[in-house]
Amino acid sequence: MSFSTVSALSPLDGRYAAKLSALRPLMSEQGYMHRRVQVEVAWFIALSDCGFPEFKPLTGGARKYLLGLVSNFSEADAIAIKQIEKTTNHDVKAVEYWIKSKFEARPELLAASEFVHFACTSEDINNTSHALQIQAAREKVVLPAIDGLIATLREMAGRFAEVPMLSRTHGQTASPTTVGKEIANVAVRLAKARERIAGVALLGKMNGAVGNYNAHMAAWPEFDWEAFSRKVVETPAPLGLGLSFQPYSIQIEPHDYMAELFDAVARTNTILVDFARDVWGYVGLGYFKQRLKKGEIGSSTMPHKVNPIDFENAEGNLGLANALLRHLSEKLPISRWQRDLTDSTVLRNIGVAFGYAVLAYASLATGLGKLELNEEALAEDLDASWEVLAEPIQTVMRRFGVQGAYEQLKDVTRGKTVTAEALHTLIRSLEIPEPEKERLLAMTPGSYTGKAAELARRAQTS
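Reading the values: the criteria
- Residues numbered from 1 in each chain as written.
- Predicted model: local features only at pLDDT ≥ 70, side-chain atom pairs only at ≥ 80, totals over all residues.
- Heavy atoms only, no water.
- Buried < 20%, exposed > 50% of the residue type's maximum accessible area, 1.4 Å probe, protein only.
- Helix = DSSP H or I, 4+ residues; strand = E, 2+ residues; numbered from the N terminus.
- Contact = heavy atoms within 4.5 Å.
- 1 Å grid on protein atoms, 1.4 Å probe; cavity = no way out; pocket = protein on both sides within 12 Å on 5 of 7 lines; lining within 4 Å.
- Points joined across faces, edges and corners; volume = space filled by probe spheres on them.
- Nonpolar A, V, L, I, M, F, W, Y, C, P; charged D, E, K, R; others polar.
- Arc of directions from axis to C-beta.
- UniProt positions renumbered as here; feature names shortened; annotations may be inferred.
- Pairing = 2+ DSSP bridges.
- Core = buried A, V, L, I, M, F, W, Y, C linked by side-chain atoms within 4.5 Å.
- Axes fitted to C-alpha atoms, helices over the stretch in contact; angles between N-to-C directions.
- Parallel < 35°, antiparallel > 145°, perpendicular 65-115°, else oblique.

Undergrad: Can you lay out helix H5 (residues 91-101) for me, pointing to particular residues and giving the numbers?
TA: Burial of H5 is extensive: eight of the eleven residues sit out of reach of the surface. Residues of H5 that are buried include every one of Asp91, Val92, Ala94, Val95, Glu96, Trp98, Ile99 and Lys100, and no others. In this structure, the buried residues of H5 make contact with helix H2 (29-48), helix H3 (60-71), helix H4 (75-88) and helix H7 (122-159).

Undergrad: Break down the layout of surface pockets for me, with residues and values.
TA: It is a probe the size of a water molecule, rolled over the atoms, that shows where empty space is left. Estimated volume of the largest pocket: approximately 550 Å³. Taken together, 17 residues make up the lining of the largest pocket; nearest its centre are Thr173, Glu387, Ala390, Thr413 and Arg414. Of all the secondary-structure elements, those providing two or more residues to the lining of the largest pocket are strand E2 (172-178), helix H16 (390-399) and helix H17 (405-413). For the lining of the largest pocket, a count of residues per class yields five nonpolar, seven polar and five charged. Its volume calculated, the second largest pocket comes out at about 470 Å³.

Undergrad: Give a detailed account of H17, specifying residues and quantitative values.
TA: All of the buried residues along H17 are Ala405, Leu409 and Thr413. With its buried residues spanning 45° around the axis, H17 presents them on a single face. Close packing links the buried residues of H17 with H16 and helix H18 (420-428). Once H17 ends, the next one or two residues include glycine 415, with phi positive near 70°.

Undergrad: Would you mind going over the UniProt feature "domain: Adenylosuccinate lyase PurB C-terminal" (unreviewed entry) in the protein chain in detail, with residue names and values included?
TA: Within this structure's numbering, the places UniProt gives as "domain: Adenylosuccinate lyase PurB C-terminal" (unreviewed entry) are residues 335-449. Between the first and last C-alpha atoms of residues 335-449 the distance is 54 Å; the span itself is 63% helix and 3% strand.

Undergrad: How would you explain the pairing of strand E1 (residues 164-169) if you had to name every residue and give the values?
TA: Within a regular beta strand, the side chains point alternately toward one face of the sheet and then the other, so they alternate between its two faces. Note: E1 against E2, five bridges, orientation antiparallel. Paired with arginine 168 across the strands is threonine 173, a residue of E2. From the end of E1 to the start of E2, which pair antiparallel, there are two residues, and histidine 170 there has a positive phi angle of about 60°.

Undergrad: Report on the nonpolar core, specifying residues and quantitative values.
TA: In terms of nonpolar packing, the biggest core is built from 125 residues, with Phe44, Phe262 and Phe354 touching the most fellow members. Sorting elements by how many residues they give to this core places H7 first, with 15 residues. Those residues in contact with phenylalanine 262 that lie beyond four places of it in its chain are Ile134, Leu325, Leu328, Ser329, Leu332, Ile350 and Phe354.

Undergrad: Lay out unusual backbone geometry with the relevant residues and their values.
TA: Cis geometry is found at the peptide bond from alanine 237 to proline 238, where omega equals 10°. Looking at the secondary structure, you find proline 238 in the loop between helix H10 (225-234) and strand E4 (244-245). Of note in the backbone geometry, histidine 117 takes a positive phi value of approximately 65° without being a glycine. If you check the backbone angles, tryptophan 337 has positive phi at about 45° while not being a glycine. With respect to the helices, strands and loops of the structure, tryptophan 337 is situated in the loop between helix H12 (309-331) and helix H13 (342-347). Judged by its relative accessible area of 78%, tryptophan 337 falls in the exposed class.

Undergrad: Break down the packing of H18 against helix H19 (residues 434-442) for me, with residues and values.
TA: For the pair H18 and H19, interaxial distance at closest approach is 10 Å and the crossing angle is 175°. The orientation of H18 relative to H19 falls into the category roughly antiparallel. Of the residues in H19, those touching H18 at His424, Ile427 and Arg428 are Lys437, Leu440 and Leu441.

Right, here's the structure in full:
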């Protein structure tokens, strides 16, 4: 069977392939090979500038050529490396041999070819490559997708800041809010979660087989290898890696930063699961309608249906993302003694975890773009829920020392259908100042929203 989007085992490379085109070049095996080439080239060029008599500084032409191997890396190059791996049965060694094969027509580079992968263990290349992959995915795909959702939510918070809506606590009618305020709640949570994702430092180590620069010191014991390693790791690309230096490790970088990052993404996703479920419920209540798309079908048997499928897809894919992200964060910081390989196969699934998250973000963006507010349904619900004014009435009663205020309103409203007339009769009988009576009599469920509109508008810039 030939591989295609309908024969793909994973829906990320099948049904949803087109939606993940931005992530695939970064987190695929080709993306992993690309970063390995980047690390090997950066290390090789930096070694040439160490002043070792055995490795003279590279010429400008050689440097340009080497950096071109990185900037022009293609699918054909990745396939060529895979061909070498069939013989080596070692993916990092295959990258080393591929780079050396590119030196054959260049005497300057060929003479220095043994400095490719010099003193490195495979994990020096792999851990930094994973960090570079994550860096690119975070900056180019994950954060922009979250930023898009935050921008949409902030705009909706402002647009619907003053549209009153009945709250539901424990599934029951409760003090009114506004549509904008409920959306603002999510926008603010999401913005804080986004900053936690962005704030995780991405670490890299290049310190040899067990983290002690053993081979490095054997070659040049007087050289400050730790300072050199830090420089390569922290110098911005293309001459360095632009990561944060990890000074202590076993053979592998401890992956604690990965756990922190994946937990941050998972927490963000949990916020969005909460939101997706709420919107799903509001659609069910009729508070939101969904714009129709010609030709689409909501049910194979019920022609009237317009399903909130985008929010359902988002919820499902966020769950898949979090299952993977949580396994990654729990597993990766654990390694038996100085090294075991259980992390290696798990690390190859970072792109899958990000893929399900990014797919969910796209579904949410699509779903939000289809929503239309049904103010008539919102107003009808409010007008049928005068019992929510029991709260402000009893609170004003308590302000003026009316004994048993809460209990009086409980007797009148709890579990009963309450009318405006019944409440107004009660208000007129109260022993409170006349201006307060008039204020309460003027209040409606739709006007009893406190600072909701102000808070909603404030969230546009928070």
